[in-house]
Amino acid sequence: MSEDFILVNDVGTTGTRAIIYDRNAGVIAESYSELPQVFPKPGWTEQDPVGIYEKCVEVTREALKSAGVGPEQILAMGIATQRTTSMLWDRNTGEPVYNAITWQDTRMSDECERINRSLYFKSLHVIGGAFQGVASLSKSLKRNALGKMLITAAHFTITPAMSSAHARWLLDNVEGAAEKARAGDLLFGTVDTWLLWNYTGGKTHATDFSNVSATGMYDPFQMKWSTELMKPFKLPGDLVLPEIRETSGDFGTTDVFGHPIPIKCVVADQQAALFGEACFEVGSVKCTNGTGTFIDMNTGDEPVASVHKMTPMIAWKMRGETTYMLEGIISSAGSSIQFLRDNLKLIKEAAESESLALSTDDTGGVYVVPAFTGLSAPYWDPFARGTVIGLTRATTREQVVRATLESIAYQCKDVVAAMEKDTGIRVCDIKADGGASQNDFLLQFLADILDTDVERPEILEATALGAAYFAGIAAGIWEFPDDILRIRGVEREFKPDMPSETRGSLYAGWKKAVGRAQHWA
Ligand code: ADP
């Protein structure tokens, strides 16, 4: 058999998966393994970098074996990863100085709070805010890179999820780390960079534009490592930062599987899903409904400075061209269904939420605001808390379950409305993936409340698929975008079917409920 397959490693937080695709992007085999997390103290979330790499190798071997495919038949490999989880390692020994600190870790909260309150950041907010006011009168001011950076600065806050916060903690708290850095021996990387370095036997210390734009250390407007953003953490200091390469391109070769396999893609998870959902047009939107919901809009070859608290990022860089996106993160989505199952015991399994929701005509005026950890985009209120409101003696279990599913769609509407205001683009079609998108009720309600078509692809794991597409394009088996549009399968389309008055009054009720949940803790 000729070299005919694409291999992908899709490395999440809870687990890593290896998938083998054929030339039609059909899945030939896949293998999955959980990735252990370490919680040394409340709020600390770490992972063993060596363990992550070893599990990736293990699942890849298993996938190759169950596909009956040899490494010589793999045309290209792609790596999609969780974002911002970061680590430092010794370039001579390859040993990490400490565990990886994950994106969920909050150990640097106090330090971030201090920085956000510092004169430096307050001045940035004031200058950014003033510029935003002036720029609202002149479109040209909004268009140049510095202007966009200033508008973004008006809302920008440092968070403990940022890689820069992780790196600072490691340098300050791991014995010997600062000395090693001074000697130029300490390499910095996110999960993609670490895996690449190991897969290539230490030859490639690189990342891609999608991953670097999620670190909080990179300026997507001026396309450079950002001294302004790193300054509060006194970075990069002596740290060796990775080279940044195109998302679909050349990342070296791995010999780990007994025959050289070219690595042709490195990409961050949400950006990979945007590509996997074939959101190639400006204004196209994907909605990944997993534990949280991640909504991303392709904004084309220009980054958008958001005045509605969305996050501008690089989607990918390919063939010399950069594509940007706006992102809105909803922290509690599928997790609220888990809450119904595990905490309230209202359902036995997630899928049961669908039949229960469909068994009742409406929620009887009940709203659930799943602000378990506060509200993220577009509210950004860490003090909001989960709320169930509108209960009467007639309220049923089915109605509470339905209201919880509806809350996912309402939160999506909040984000999409903000993106529409930022870009002036009316969203007419959304591509939904992720585990919770199996739920027909949820996707129909999403179509109804947003008044847009919602499309569900045949393959819900859009992240891995996106990495496969990037790798296959770089390897020359697929032409962009024609072949991708040809081979991508749509399973079902949901059309809006709700009178606009109903939509308006339901959404007004949601906004009222959110108001009650805010500023609680
Ligand atoms: P992640 O990648 O974040 O781990 P997945 O894409 O695997 O998430 O989706 C898992 C989430 O989707 C869980 O939070 C689960 O509660 C939710 N989920 C799975 N199936 C359904 C369903 N049929 N209806 C509603 N939610 C579901």
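Residues numbered from 1 in each chain as written. Predicted model: local features only at pLDDT ≥ 70, side-chain atom pairs only at ≥ 80, totals over all residues. Heavy atoms only, no water.

Asks: Could you give me a rundown of the sheet that holds strand β2 (residues 15-21), with the residues and numbers involved?
Replies: The six strands lie next to each other as β3-β2-β1-β5-β14-β13, forming an open sheet whose pairing is mixed. Sheet topology places β3 (27-34) and β13 (253-254) at the edges, where each strand pairs with a single neighbour. In the sheet, β2 pairs with β3 via seven bridges, with the strands oriented antiparallel. What sits directly across from Ile-19, in β3, is Glu-30. In the packing of helix α1 (residues 49-67) onto the sheet, the strands contacted are β1 (5-11), β2, β3 and β5 (74-81), and the crossing angle to β3 comes to about 150°. (Pairing = 2+ DSSP bridges. Helix = DSSP H or I, 4+ residues; strand = E, 2+ residues; numbered from the N terminus. Contact = heavy atoms within 4.5 Å. Axes fitted to C-alpha atoms, helices over the stretch in contact; angles between N-to-C directions.)

Asks: Describe the site of the ligand, with residues and values.
Replies: Taken together, the neighbourhood of the ligand is formed by 14 residues, with Thr-291, Gly-334, Gln-338, Gly-435 and Asn-439 sitting nearest. At 3.0 Å, a backbone N or O of Gly-334 approaches an oxygen atom of the ligand. Between an oxygen atom of the ligand and a side-chain N or O atom of Gln-338, the distance comes to 2.9 Å. Here the ligand, which alone exposes 580 Å², has 69% of that area covered by the protein. Ranked by residues supplied to the shell around the ligand, first place goes to helix α12 (residues 334-342) with four residues. Here the residues of the shell around the ligand are counted per class, giving four nonpolar, ten polar and no charged. (Near = heavy atom within 4 Å. Polar contact = N/O pair within 3.5 Å; in protein donor to acceptor, adjacent residues only side chain to side chain. Areas by Shrake-Rupley, 256 points an atom, 1.4 Å probe, with all protein chains shown as cover. Nonpolar A, V, L, I, M, F, W, Y, C, P; charged D, E, K, R; others polar.)

Asks: Can you lay out the pattern of salt bridges for me, pointing to particular residues and giving the numbers?
Replies: Counted under the stated rule, the structure contains 30 salt bridges. The shortest N-O distance in the salt bridge between Lys-286 and Asp-296 comes to 2.8 Å. Here the residue Lys-286 occupies a position in strand β15 (residues 285-289), and Asp-296 occupies one in strand β16 (residues 293-300), the gap between them amounting to ten residues. Taken as a pair, Lys-286 and Asp-296 share a single burial class, namely buried. What you see here is one network of salt bridges that share partners, running through Glu-420, Arg-426, Asp-451 and Arg-503. (Salt bridge = Lys/Arg side-chain N within 4 Å of Asp/Glu carboxyl O. Buried < 20%, exposed > 50% of the residue type's maximum accessible area, 1.4 Å probe, protein only.)

Asks: Tell me about the side chain of Lys-413, and name the residues and values.
Replies: Turning to its location among the elements, Lys-413 is positioned in helix α14 (residues 397-423). When neighbours within four sequence positions are excluded, Lys-413 is seen to be in contact with Ile-449, Leu-450, Arg-503 and Tyr-507.

Asks: Any chance you could break down the packing of aromatic side chains for me, citing the residues and the numbers?
Replies: Within the structure shown, the criterion is met by 22 aromatic pairs. Their ring planes at 75° and their centres at 5.3 Å tell us that Tyr-53 and Tyr-199 sit as a pair that is edge-to-face. With Tyr-53 in helix α1 and Tyr-199 in helix α8 (residues 191-199), this pair connects stretches of sequence that are 146 residues apart. The exposure classification of Tyr-53 matches that of Tyr-199, with both residues buried. Residues Trp-89 and Trp-194 carry aromatic rings whose centres are separated by 5.1 Å and whose planes lie at 70° to one another, so their mutual orientation is edge-to-face. Taken as a pair, Trp-89 in strand β6 (residues 86-90) and Trp-194 in helix α8 lie far apart in primary sequence, 105 residues in all. In this structure Trp-89 comes out as buried when scored by relative accessible area, which is 0%. Overall, the relative accessible area of 1% leaves Trp-194 in the buried class. An aromatic cluster of three or more residues is present, and its members are Phe-275, Phe-280, Trp-316, Tyr-469, Phe-470, Trp-478 and Phe-480. Over the face of the ring belonging to Trp-169 we find Arg-107, whose NZ or CZ atom lies 4.4 Å from the ring centre. (Phe/Tyr/Trp six-rings, centres within 6.5 Å; stacked < 30°, edge-to-face > 60°. Lys NZ or Arg CZ within 6 Å of the ring centre and 35° of its normal.)

Asks: Mind laying out the domain arrangement of the chain, listing which residues take part and the relevant values?
Replies: According to the domain assignment, the chain consists of domain 1 (5-102 + 172-276), domain 2 (109-155) and domain 3 (330-457 + 489-517). Each of domain 1 and domain 3 has a C-alpha centre, and these two points are 33 Å apart. (Domains from an automatic or database assignment.)

Asks: Outline the sheet that holds strand β21 (residues 429-433), listing residues and values.
Replies: With mixed pairing, the seven strands of this open sheet are ordered in space as β17-β18-β16-β15-β21-β22-β23. Where the open sheet ends on each side, the last strands, each with one partner, are β17 (311-318) and β23 (490-494). For this sheet, the mean inter-axis angle between neighbouring strands, taken without regard to orientation, is 25°. Across seven bridges, the pairing between β16 and strand β18 (residues 321-330) is antiparallel. Of the residues in β18, the one forming a bridge with Ile-295 is Gly-328. Together, β15, β16, β18 and β21 form the strand contacts of α14, whose direction differs from that of β16 by roughly 20°.

Asks: I'd like a description of the state of the cysteines, backed by residues and values.
Replies: Here the structure, examined in full by the defined rule, presents zero disulfides. Free cysteine Cys-279: the closest other cysteine sulfur is in Cys-287, separated by 10 Å. Take Cys-279: its relative accessible area is 0%, and that puts it in the buried class. No disulfide involves Cys-412; its sulfur sits 3.8 Å from the nearest other cysteine sulfur, which is in Cys-287. Classification of Cys-412 as buried rests on a relative accessible area of 1%. (Disulfide = S-S within 2.5 Å.)

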